[in-house]
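Descriptive analysis of the structure
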Amino acid sequence: FLIDVMEGVLGFKSTDIQVDIGSFLSNGPLYRMIQAQRGQAKTTVTAIYAVWRLIHDPTTRVLIVSAGEKQASEIATLVIQIINFMPELECMRPDKAAGDRSSIEAFDVHYSLKGPEKSPSIASMGITANIQGKRADLLIADDIESKKNSLTAVQREKLLELTRDFTSINSKGDIVYLGTPQSIDSIYNTLPARGFSIRIWPGRYPTEAEMANYGTYLAPLILKRIEDDSTIRTGGGLEGTRGQAVDPIILNEAQLVAKELDQGPAYFQ
C-alpha cells in the first residue's frame, strides 16, 4: 500500500529506507519512535500508514499532534488527500449530508463504516492545545519538540509533562513519535525508560567512532549493511572520513556535503 500511494498518488518512487520505515510502523511495538534525517519522508510514510489503519479498521481514531497546529494540519491534509484521490477509497469518503465531518481539524470516514462515535476519524492539533479531552487509537506525535519550545530546561520539562497525557488519551492503542532530537537534553531521550522502542535511520552510515552515539537504536537494516560491507563507513563527507550516504535517492553525497558546509559538523551530526 505504501508503494502504491507513493508512486500512484504522490508520484515518487519508494526507496528501500522508506519501505523499511513502513515495515517498522506496521510491525513494530505499540509504543515506538522513528528518528531519521530531515527529508527522509518519515511523516509522509506515517500518513500513509494512518490511511492503511483506517482501511483495515474504519472505527480507528487517529490523532495527529505537532509542535504547531499548522504543521499538524498539514499531516492531516495529506491523510485526507490520499483518501480523496484514490478511487479505491471512495467508499471511505465522508457524507456531509449525513453529518460526517470533512474539515482538516476533524474528518470522518463514511458513517456506514465508522459507526456512532463522537471523536473524528482524523483530528489534528498543536501540542499546547487542549488535548486532554481527546481520544485516539493511533496517536502520531510528529516533531513535537522544536527549537522554539525546547530551548530551556523549563520549556523541556513543560513539554515532557504534556507528552505524559498521551497514554491517557490513547490508553490501548499505538503511540508513534517522529522527530529529530534538538539537543543532548532532548525529551526524546526519556522515551526508552517510558517503554518506547526507538529506531534510527541516519543520513550517513556511522563510522566506528560514531557507533556509540546510536546505542542499540540503529535500524537493523543499517547494521546489516555495515556488517556486509564495512567500506560504506568511510569515503563520505568533506574529507572522505565520514560514512557514505544511507539513502542517495533522497539525499546524495553532494547534497549531504552541502548541508554539512552550511550547518557545520556538530549541528549536521
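See the structure above.
Let me sum up the structure you'll find in this document. Nothing here was measured: the structure is a model prediction, and the numbers come from that model.

1. Describing the overall build of the chain
Counting its regular elements, the chain contains 11 helices and 7 strands. Taking 2.2 N^0.38 as the reference for a compact globule, 269 residues should give roughly 18 Å; the C-alpha atoms of the chain span a radius of gyration of 19 Å, in line with that estimate. Along the three orthogonal principal directions, the C-alpha set of the chain runs to about 65 × 45 × 30 Å. Taken over 269 residues, the chain has a buried fraction of 47%. If you sum the accessible surface of the chain, you get close to 13000 Å²; carbon and sulfur atoms cover 54% of it. Averaging the locations of the 28 positively and 33 negatively charged side chains of the chain gives two centres separated by 5 Å.

2. Topic: the side chain of serine 121
Of note, serine 121 is situated in the loop between helix H5 (111-114) and strand S4 (122-126). There is a polar contact of 3.0 Å between the side chain of serine 121 and the backbone nitrogen of valine 109. Aside from chain neighbours lying at most four places away, what touches serine 121 is Leu54, Pro58, Thr60, Arg61, Val62, Phe107, Asp108, Val109 and Lys114.

3. Regarding the packing of aromatic side chains
Aromatic ring pairs are defined here through the distance separating the ring centres and the angle between the ring planes. The tally for this structure, following the rule as stated, stands at 6 aromatic pairs. Residues tyrosine 31 and phenylalanine 196 carry aromatic rings whose centres are separated by 5.0 Å and whose planes lie at 20° to one another, so their mutual orientation is stacked. Taken together, the residues span a long stretch of sequence, with tyrosine 31 in strand S1 (residues 31-36) and phenylalanine 196 in the loop between strand S6 (174-178) and strand S7 (197-201) at a distance of 165 residues. A residue is classified by how much of its surface remains accessible, and phenylalanine 196, at 9% relative accessible area, is buried. An aromatic cluster is built from Tyr31, Phe166, Tyr177, Tyr188 and Phe196, whose rings are joined through pairwise contacts.

4. Let's talk about helix H2 (residues 16-27)
Between its terminal C-alpha atoms H2 stretches 16 Å, which fits the 16 Å expected from 12 residues at 1.5 Å a residue. Restricting attention to buried positions, one finds in H2 the residues Ile17, Gln18, Asp20, Ile21, Gly22, Phe24 and Leu25. Buried residues along H2 sit against helix H1 (2-8), S1, helix H3 (42-56), S6, S7 and helix H9 (220-228).

5. As for the pairing of S6
When you tally the buried positions in S6, you get 5 out of 5 residues, the bulk of the element. Alternating residues of S6 divide into Asp174, Val176 and Leu178 and Ile175 and Tyr177, and every residue in both groups is buried. Here S1 runs beside S6; their pairing, made up of 4 bridges, is parallel. For isoleucine 34, the partnering residue across the bridge sits in S6 and is leucine 178. For strand S5 (residues 138-142) and S6, the ladder comprises 5 bridges, and the chain directions are parallel. The residue bridging aspartate 142 from the neighbouring strand is leucine 178, located in S6.

6. Looking at the nonpolar core
If you look at the biggest cluster of nonpolar residues, it comprises 70 residues, and the most contacted ones within it are Ile64, Ile122, Phe166, Tyr177, Trp201 and Ile222. Take this core: its biggest share by element is 8 residues, from helix H4 (residues 69-85). Not counting chain neighbours up to four residues away, the residues in contact with tyrosine 177 comprise Arg32, Met33, Ile34, Ala141, Ile144, Thr163, Phe166, Tyr188, Leu191, Arg194 and Phe196.

7. Details of the environment of valine 62
Assignment of secondary structure puts valine 62 in strand S2 (residues 62-66). By relative accessible area, which is 2% here, valine 62 ends up buried. For the pair valine 62 and methionine 92, spaced 30 residues apart in the sequence, the C-alpha separation amounts to 15 Å. Other than its neighbours up to four places away in sequence, valine 62 contacts Ala50, Leu54, Ser121, Ile122, Ala123, Leu138 and Ile140.

About the cut-offs
Residues numbered from 1 in each chain as written. Predicted model: local features only at pLDDT ≥ 70, side-chain atom pairs only at ≥ 80, totals over all residues. Heavy atoms only, no water. Helix = DSSP H or I, 4+ residues; strand = E, 2+ residues; numbered from the N terminus. Rg over C-alpha atoms; globule rule 2.2 N^0.38 Å. Buried < 20%, exposed > 50% of the residue type's maximum accessible area, 1.4 Å probe, protein only. Areas by Shrake-Rupley, 256 points an atom, 1.4 Å probe, with all protein chains shown as cover. Lys, Arg positive; Asp, Glu negative; His and termini not counted. Charge placed at Lys NZ, Arg CZ, Asp CG, Glu CD. Polar contact = N/O pair within 3.5 Å; in protein donor to acceptor, adjacent residues only side chain to side chain. Contact = heavy atoms within 4.5 Å. Phe/Tyr/Trp six-rings, centres within 6.5 Å; stacked < 30°, edge-to-face > 60°. Expected span 1.5 Å × (residues − 1). Pairing = 2+ DSSP bridges. Core = buried A, V, L, I, M, F, W, Y, C linked by side-chain atoms within 4.5 Å.

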